[in-house]
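Tertiary structure, described
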Amino acid sequence: MGRAPGPDEARSLVESRLHDGEELLWVGRSDPARVFVDTDRWLIPLSVLFSAGLAVADVAVFSSGAHPVTIVVLAALSVSAAHALVGRFLVKRHRKRTDVYAVTDHRVLVVNERRVRETSASRTDW
């Protein structure tokens, strides 16, 4: 797992990916204290209900000796439910520690040690 880059490291991480003549206007990171977002108000309770329903279905399917395809489908759904409950917060925590955000005169960037995601700064659709 990556560690959080310090302010100087964050700036140099972004500067190494700038185009010639591009001016860096701002560099920052996401607030690590903000774990929950507005959609969590409904996503967490629905994930709990979905997981509870899957647990009941898993017990019924395993005890009845159902077809293997049914077991595989329920197992895949159970993994997705576990990710909705716990895994997405682990992914979010990792991204908050490793991603650096930057604005240049031409682009908006999300940079970490492995990749760069970018959008034109002239986009007006958001």
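Residues numbered from 1 in each chain as written. Predicted model: local features only at pLDDT ≥ 70, side-chain atom pairs only at ≥ 80, totals over all residues. Heavy atoms only, no water.

1. Here we look at the pattern of salt bridges
- In this structure the tally under the stated criterion is seven salt bridges.
- K92 is the salt-bridge partner of D40, the closest N and O atoms lying 3.9 Å from each other. Remark: K92 occurs in helix 3 (residues 68–98) and D40 occurs in helix 2 (residues 40–64); sequence separation between them is 52 residues. Taken as a pair, D40 and K92 share a single burial class, namely buried.
- Between R107 and E118 there is a salt bridge; the shortest N-O distance is 2.8 Å. Here R107 is found in strand 3 (residues 107–111), whereas its partner E118 is found in strand 4 (residues 116–120), with eleven residues between them in sequence. (Salt bridge = Lys/Arg side-chain N within 4 Å of Asp/Glu carboxyl O. Helix = DSSP H or I, 4+ residues; strand = E, 2+ residues; numbered from the N terminus. Buried < 20%, exposed > 50% of the residue type's maximum accessible area, 1.4 Å probe, protein only.)

2. Points about the sheet that holds strand 3
- The four strands lie next to each other as 1-2-3-4, forming an open sheet whose pairing is antiparallel. Strands with a single pairing partner mark the edges of an open sheet, and in this sheet they are strand 1 (24–28) and strand 4. Ignoring which end each strand starts from, the neighbouring axes of this sheet average 15° apart.
- Looking at chain direction, strand 2 (residues 100–104) and strand 3 are connected through four bridges and run antiparallel. Residue pairing across strands places Y101 opposite V110, the latter belonging to strand 3.
- Packing of helix 1 (residues 7–15) onto the sheet brings it into contact with strand 1, strand 2 and strand 3, and relative to strand 1 it is tilted by some 130°. (Pairing = 2+ DSSP bridges. Axes fitted to C-alpha atoms, helices over the stretch in contact; angles between N-to-C directions. Contact = heavy atoms within 4.5 Å.)

3. Brief notes about the nonpolar core
- Listed in full, the eight residues of the largest apolar core are A10, L13, V14, L24, V100, A102, L109 and V111.
- Secondary-structure elements contributing two or more residues to this core are helix 1, strand 2 and strand 3.
- Per-element tally for this core: the top contributor is helix 1, with three residues.
- Here L24 is in contact with R11, V14, E15, L18, A102, V103 and T104, once residues within four sequence places are set aside. (Core = buried A, V, L, I, M, F, W, Y, C linked by side-chain atoms within 4.5 Å.)

4. Looking at helix 1
- Of the residues making up helix 1, those classed as buried are A10, L13 and V14. Mapping the buried residues of helix 1 onto a view down its axis gives an arc of 95°, with all of them on the same face.
- In this fold, the buried residues of helix 1 make contact with strand 1, strand 2 and strand 3. (Arc of directions from axis to C-beta.)

5. Quick notes on helix 3
- Largest kink in helix 3: about 55°, centred on A84.
- Among the structural elements, helix 2, strand 2 and strand 3 are those in contact with the buried residues of helix 3. (Bend = angle between axes of the 7 residues up to and from the residue.)

6. Focus on the side chain of T104
- Relative to the elements of secondary structure, T104 occurs in strand 2.
- Residue class for T104 comes out buried when judged on its relative accessible area of 1%.
- For T104, the side chain forms a polar contact with the main-chain nitrogen of H106, separated by 3.1 Å.
- Here T104 is in contact with L18, E22, E23, L24, L25, L109 and A121, once residues within four sequence places are set aside. (Polar contact = N/O pair within 3.5 Å; in protein donor to acceptor, adjacent residues only side chain to side chain.)

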